[in-house]
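# Structural overview
In case you want the letters, here they are:
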Amino acid sequence: VPRKKIEDFVVNIEGTKKRTRQYKENLFGLEYNTLDITNNGLADYTPLNKVPDYHFFVMGDNRDNSLDSRFLKEIGYIPRDKIFHKIDRVLFSLNNARFIEFWKWPKELRYDRFLKEIN
């Protein structure tokens, strides 16, 4: 996927700014921002595969922290009948906390992303 380096993605974690490389990718005429934490990560170079008919290859935008179709044994290709809706909004967003770590939410909520439309 062709990509171009853009301004780093910056989060403020307990008063410390953390920077992550960010890229703009273009796939089939659509642009996406993606994050890349490490060079030559575990899933950076996956073999060329043919996606079976009526299946989808899915990939997360935080490439070094996404368990997705690149991991064929764990996730693999998603059958079309298992996809129920197209996501069109970010409902809830956290900087550096897991959803279940609700005690971290006050510092980690990203209000600017709540209900943000996804193209």
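Scope of this entry: the structure provided in the associated data block. (Residues numbered from 1 in each chain as written. Predicted model: local features only at pLDDT ≥ 70, side-chain atom pairs only at ≥ 80, totals over all residues. Heavy atoms only, no water.)

Here we come to the overall build of the chain. Along the backbone of the chain there are one helix and seven strands. The helix and strand sequence of the chain, counted from the amino end, reads β-β-β-β-β-β-α-β. A principal-axis box enclosing the C-alpha atoms of the chain has dimensions of 45 × 30 × 30 Å. Restricting the contact set of the chain to residue pairs at least 6 apart, pairs at least 24 apart contribute 35%. About 9,800 Å² of surface is accessible on the chain, with carbon and sulfur atoms providing 55% of the total. (Helix = DSSP H or I, 4+ residues; strand = E, 2+ residues; numbered from the N terminus. Contact = heavy atoms within 4.5 Å. Areas by Shrake-Rupley, 256 points an atom, 1.4 Å probe, with all protein chains shown as cover.)

Turning to the environment of Gly60, a few remarks are in order. Note on placement: Gly60 falls in the loop between β4 (55–56) and β5 (78–79). What makes Gly60 buried here is its relative accessible area of 18%. As for Gly60 and Lys17, which are separated by 43 residues in sequence, their C-alpha atoms are 23 Å apart. Not counting residues up to four positions away in its chain, the partners in contact with Gly60 are Ser66 and Asp68. (Buried < 20%, exposed > 50% of the residue type's maximum accessible area, 1.4 Å probe, protein only.)

Once that is clear, we can look at the sheet that holds strand β2 (residues 16–27). Whether parallel or antiparallel, the strands of a sheet pair through hydrogen bonds between backbone atoms. Spatially, three strands are ordered β1-β2-β3 in an open sheet, and the strand pairing comes out antiparallel. Two strands in the sheet have a free side with no partner beyond their single neighbour: β1 (3–13) and β3 (30–36). On average, adjacent strands in this sheet sit at an angle of 30° to one another, irrespective of strand direction. One ladder, built from nine bridges, connects β1 with β2; its direction is antiparallel. In the sheet register, Val10 faces β2, and the bridge partner there is Arg19. (Pairing = 2+ DSSP bridges. Axes fitted to C-alpha atoms, helices over the stretch in contact; angles between N-to-C directions.)

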